[in-house]
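Here are the chains, one letter per residue:
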Amino acid sequence: MGYQQGMNTTSGNLQRVLDGRWRDTKCMIREKLSLEIFRPHFTPTKDVARARVNAQLKIIAAAGQAEDGFQKERGGTGDAGAAVTKIEMLAMSDLSLMVKAGVLWGLFGGAVENLGTERHHEAYVRPLITLELLGCFAMTETGHGSDVQHLETTATYDPDTEEFVINSPTPSSRKDYLGGAAESATVAAVFAQLITKGQNHGVHCIVVPIRDENGNDLPGVRTWDCDYKGGLPGVDNGRIMFDHVRVPRENLLNRFADVAPDGTYSSDIENANRRFFTMLGTLVRGRVTVGGSAAQAARVALDIAVRYALQRKQFLAPGEDREVPIMDYLVHQRRLLPFVAQSYALQFAQNELVSAMHDQETAAVRDLEAQRDLEAQAAGLKVLSTWHASAAIQEAREACGGAGYLAENRLVELRADTDVFTTFEGDNHVLLQLVAKHLLTEYNDDIKTMSPFEWVRFAANYAGERVSRRTAAEPIMQRIIDNRQDNSEIGSLFNRGTQAKMFEDREQYLLSSLARRLQRRAKTMSAFDAFNSVQDHVMHTARAHIDRTVFEAFIAGIERCEDTEARHILNLVCDLYALSVIEADKAFFLEHRLLSTERARAVTNGINERCRNLRPHAETLVDAFGIPEQLRDAEMLHPERLPQPGS
């Protein structure tokens, strides 16, 4: 069954603008995912699920789908945006397949590509593309997840043999939760403290063989299977410990630092902290992919739930002899349509993020300012997208009643598989702090080494200006705000300039007041206590910033839509998204007098009105997600398949 989408229809025009810069890539993947082997199938047995994913991975590799993530001179195409897009799209079929491909080509491959040099590219890239080599990404440890800088695994250089000795010195130094480590990976990109001539130079990455061709652990290597998890049964997550495993000096991924045969350490980046964060910054692609994939899974769930709501009927209409489709009830519209609106907003934001990442990775010279912006943007959008997936899929499940709880209808599997997305590639609460720190420090070269006091001193001079630095929508936003009108209560809240001003005012106030609170505490508290005491404020500030950038991306997306009807619908959806964000933080707007009690009531009325306006377009909205028919093939959507009386 092939994928079909008429591009002259309203849904087709909506899909076209939603798909963005890599729309051709997305359409091609939709066609691939229409093959029978990619039809979703609930597989609670991990052995069956793993075998199925491995078979799917081979088909993808044989079609050359892994080439985009690597430069042309290394056997790829160098299309970083397409590489991320392709992995994201796999989430429509099976999150296990998406994670498996992401770990192999995105994380392990990304480490080789971005941290390695020519010798590593020649040895590993082509075998990775063809699946002759299977690798895993060994960063997280039992005792250290978010705090990568203090991992305990060591890589001690021995100049007599010109080898690194990889060792797990403590129980908590065990490498944990690694996709591919349980069965399939033969090598690992191991992050460890590099020690040479008695000096620790911080965390570096080294390629370490872990299994032989028969799948047996190599000497000194011990692996475990994480076995059953809350989801993702097709991913062979495992654990690794090393007992003085020796690897050649050349296995150090040495783009940013190297060790000479005699053990002399060298790096063009003298500051150890800056060197560490520069290395991690080149691996941002994984975080971009995780957020995009979670949002993709949410769109599948919402597609299924909305279609079910359009055909499922409950209760007779008063005075009529007909049952009412549950989508006609306002309460049901409010359950699903705001999540649909957020899905649109996040897709536009993801389009901007992937474009920024692609332009940065393919630039002749990387812009350090742009790189730091990219890291913060990727962290923030990953947070919003993964929390959105958890909430939207849960609501979709509940909105489908008992049918939604059956595995045959996909929703419980989507919910289970996306659950871990909120904590891998960065715990969401930690990532929000990263976003806030970026806002406080802007682009200072020593951003990563500042104490909280230094952040405050630096931030105090510009906190009022930082918010005005806009996204790609800058000219559009300035025009919108300049032309805003504040008339009636509901009318003004539907005005795009008014909405934009409310988003900006919230972020502006939170950021400047956060800086002031830190300044006051710096006089009487330790650095840790000062920052720790305002973490609720830190999180709120970061969330406000992310909301604004997503909102602006939505507006920029509408500007790119040329079809009149599609543009009209997008404006309604954008209103619903904006008012839903304001409603969710209504207490803040009321407490700080950015919203009167009358206007607060108008927000609720406005959401209700936009839900009613969008009800006739509900199917069109989810059609535009472009989910191939067989990937939303939930049994509850096909009443004709039910056993017939007397059959």
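Structure shown above.
Residues numbered from 1 in each chain as written. Predicted model: local features only at pLDDT ≥ 70, side-chain atom pairs only at ≥ 80, totals over all residues. Heavy atoms only, no water.

S.K.: What's the story with the environment of alanine 389 in this structure? I'm lost.
M.R.: Within the fold, alanine 389 resides in helix H10 (residues 368–399). The spatial distance from the C-alpha of alanine 389 to the C-alpha of leucine 414 is 9.1 Å, given a sequence separation of 25 residues. Excluding anything up to four places from it in sequence, alanine 389 contacts Ala294 and Ala298. (Helix = DSSP H or I, 4+ residues; strand = E, 2+ residues; numbered from the N terminus. Contact = heavy atoms within 4.5 Å.)

S.K.: What is the right way to read the pairing of strand E6 (residues 199–209) from this model?
M.R.: Along any regular strand, the residues point their side chains to alternate faces of the sheet. Taken together, the 9 bridges between strand E5 (residues 187–196) and E6 define a ladder with antiparallel strand orientation. In the strand pairing of E6, threonine 196 is matched with glutamine 199. Once E5 ends, the chain turns through 2 residues before running back antiparallel as E6, passing lysine 197 with a positive phi of about 55°. (Pairing = 2+ DSSP bridges.)

S.K.: How should the sheet that holds strand E4 (residues 175–179) be read in this particular structure?
M.R.: Sheet strands pair via backbone hydrogen bonds, and the direction of the pair is either parallel or antiparallel. If you walk across this open sheet you meet the 3 strands as E4-E8-E7, and the pairing is antiparallel. Of all strands in the sheet, those with a lone pairing partner are E4 and strand E7 (221–225), marking the two edges. This sheet shows a mean twist of 30° between the axes of neighbouring strands, independent of strand direction. (Axes fitted to C-alpha atoms, helices over the stretch in contact; angles between N-to-C directions.)

S.K.: Please explain helix H19 (residues 535–559) as it appears in this structure.
M.R.: Helical periodicity: at 3.6 residues per turn, an α-helix aligns residues three or four positions apart in one direction. The end-to-end C-alpha separation of H19 is 37 Å, in line with the 36 Å expected for 25 residues at 1.5 Å each. By the criterion of burial, H19 is predominantly enclosed, with 20 of the 25 residues buried. (Expected span 1.5 Å × (residues − 1). Buried < 20%, exposed > 50% of the residue type's maximum accessible area, 1.4 Å probe, protein only.)

S.K.: Would you take a moment to explain unusual backbone geometry for this structure?
M.R.: Peptide bonds are mostly trans, and most non-glycine residues show a negative phi. One non-glycine residue, lysine 197, adopts positive backbone phi at about 55°. As for its placement among the helices and strands, lysine 197 is situated in the loop between E5 and E6. Take lysine 197: its relative accessible area is 59%, and that puts it in the exposed class. At leucine 232, a residue that is not glycine, the phi angle is positive and equals roughly 50°. Here leucine 232 lies in the loop between E7 and strand E8 (237–242). Leucine 232 sits in the buried class, given a relative accessible area of 5%.

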